[in-house]
Amino acid sequence: MLKYFRDRKGAGWLLGSFLLMLVILAFVALYVPDFMGGQTGLGASGDVAWVDGSPISTREFLQGYQVQEATYRQQLGAQYSADLMRQFGLDTMVMQQLIQEKVMLLEAERLGLTVSDEEVSRNILNDPNFQTDGEFIGRDAYIALIQRAGMSPAQYEDQFVRQGLLRQKLQQLVTDGLLVSDSELEDEYRRRNEQVHLDYTVVAKSDFQAEIDPSDEDVRAYYDENPDAFARPVQRKARFITLTPTIFMSSVTVSNREIERYYQENITNYSTQEQVQASHILFKTDPGVDEATVRERADAVLARVKQGEDFAELAKEVSEDTSAANGGDLGVIPRGQTVPEFEQAAFSLPMGGTSDLVKSTFGFHIIRVTNKQEALTQPLDSVTEQIR
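The present account deals with the structure reproduced in this document. (Residues numbered from 1 in each chain as written. Predicted model: local features only at pLDDT ≥ 70, side-chain atom pairs only at ≥ 80, totals over all residues. Heavy atoms only, no water.)

Tracing the sequence through the fold places Ser 54 in strand β2 (residues 54–57). The exposure class of Ser 54 is buried, given its relative accessible area of 17%. C-alpha separation for the pair Ser 54 and Leu 106, spaced 52 residues apart in sequence, amounts to 8.4 Å. Apart from the residues within four sequence positions on either side, Ser 54 is in contact with Ala 49, Lys 102 and Leu 106. (Helix = DSSP H or I, 4+ residues; strand = E, 2+ residues; numbered from the N terminus. Buried < 20%, exposed > 50% of the residue type's maximum accessible area, 1.4 Å probe, protein only. Contact = heavy atoms within 4.5 Å.)

Structure follows, in C-alpha cells:
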C-alpha cells in the first residue's frame, strides 16, 4: 500500500486510497458494533470464573475485593499497603470465597430453597448496622449507607442479604439432620479438656541406623506390605499470573457516555419500587366455619383498635396469622407480593392509618400501615462516581 501511495503520478495513488478506505470500513464494521453493544475490555462475558456453568462476574469479584480490602484497611490503619495485600493473596482469598458461596447457592437452588422479600426486609430492619438505639435508621439513611459502600440497595439486598439468608437456610438444613450422641459429646469434651503429665526422652534414629542393614528381601517385603506409603495422588503443574485490580484502575478511563449507557442498561439497580411496612390482625375464614360469626369477632376487635388499644398486643392476643408473635408485623411489602385486596387497602392507607375490615381469600384483615416508601429512581448525577 505504501508503494501505491508513493506513486502520486499514476493510478497507484488512487488504488492505495481505495485500499485504505476498505481498511477503515472494515474496522468500523467489526469494532464499532461491539463498542455500541457495551462490551468491556474484560472479554465478551466479563466473567472471571464459572461454577457448574454459572458465572462469577468481574463486578462480583471487584465488589468482593473492595469489601475485603476496606476491612483490612480499617483493621491495619497506617500499616495497610497494596503490597501487603498481595502478600496475603487477597485476590485468591476473595476468589475462593466467591466460588464457595456460588457452590452453596447452586445447591440451595437445587434443593428448592427460597428467600422471600419479607425475609429480606425483616433481616435489614433487624440488622444492628442499620439501627440507632434499637430502631431502624430510616430509608434515606439506609440508602446513603449502602451507596457509600459502592453499590445500590437492590445489589446489596440481592447479593448480600438474600444470598446470605439462602446460605443460612442451606447450612441449617444440613446441620438439622445431624445427631450427636452422648458418647460423642463425652469424647469431644475429653479431647478438649483432659491433660496428662509425662516424662519423655528423645532418641535420634541416626544413632542406630548404622547398626541396621536390611536385605533386599526385607525391603521388598516391606514394600509389598505397605503399598499406601508409596502411593502418590494425581498431581498437576500449573503456571499462573495474579492480576490485582488496583494495578490497572489508574490506567482505565471511563467516559460519561459509557456511564450513561451503563446507567440506562441497569436502571433497575438504581430504582426502588413503592413499598409499605404494615401489620395486620387476621381472622381466618376456613371451609366449614360460619363467616358471619368470624366477621362478628373481627368487628369487635376492630372496635377495640379504634378505641385506642395497642395494635401489636391485640395481634398477639387474637390474630390467627403466623405474624401474631411479632405483633402482626409483616415487614416491608413491595407491590405484587400480597393478594390484591390486601395490597389495595395497604397502599391506599396513609402512614399510621388503620383499615376497616378487608376481606380476602385468607379471611378478614385489620391492616395498619406503619411506614411508607414511595417509588424512587436515583438520578444519574448521584450514582455517577459509583458507576465509574
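Okay, back to it.
In this section: a nonpolar patch on the surface. A surface patch of nonpolar side chains, about 530 Å² in accessible area, is lined by Ile 241, Leu 243, Ile 247, Phe 248 and Val 252. By secondary structure assignment, the location of Val 252 is in the loop between α12 (245–249) and α13 (256–265). Judged by relative accessible area, which is 53%, Val 252 ranks as exposed. (Patch = residues over 30% accessible without salt bridge, like charges linked within 9 Å, V, L, I, M, F, W, Y side chains within 5 Å. Areas by Shrake-Rupley, 256 points an atom, 1.4 Å probe, with all protein chains shown as cover. Salt bridge = Lys/Arg side-chain N within 4 Å of Asp/Glu carboxyl O.)

With that settled, consider the nonpolar core. Counting residues in each nonpolar core, the largest one holds 17 residues, and the members touching the most others are Ile 124, Phe 130, Tyr 142, Ile 146, Tyr 156, Val 161 and Leu 166. Every element with two or more residues in this core is listed here: α5 (90–110), α6 (117–125), α7 (139–148) and α8 (153–176). With five residues, the top contributor of residues to this core is α8. Among the nonpolar cores identified, the runner-up in size contains 14 residues, and Val 294, Val 301, Phe 311 and Ala 315 belong to it. (Core = buried A, V, L, I, M, F, W, Y, C linked by side-chain atoms within 4.5 Å.)

Before going further, it helps to examine the pairing of strand β6 (residues 275–284). Where burial is concerned, most of β6 is hidden: nine out of the 10 residues are buried. As defined by bridge partners, β6 adjoins strand β7 (residues 329–334) across four bridges and the pair is classed as antiparallel. Residue pairing across strands places Gln 275 opposite Pro 334, the latter belonging to β7. Looking at chain direction, β6 and strand β9 (residues 363–373) are connected through 10 bridges and run antiparallel. Paired with Gln 275 across the two strands is Gln 373, which belongs to β9. (Pairing = 2+ DSSP bridges.)

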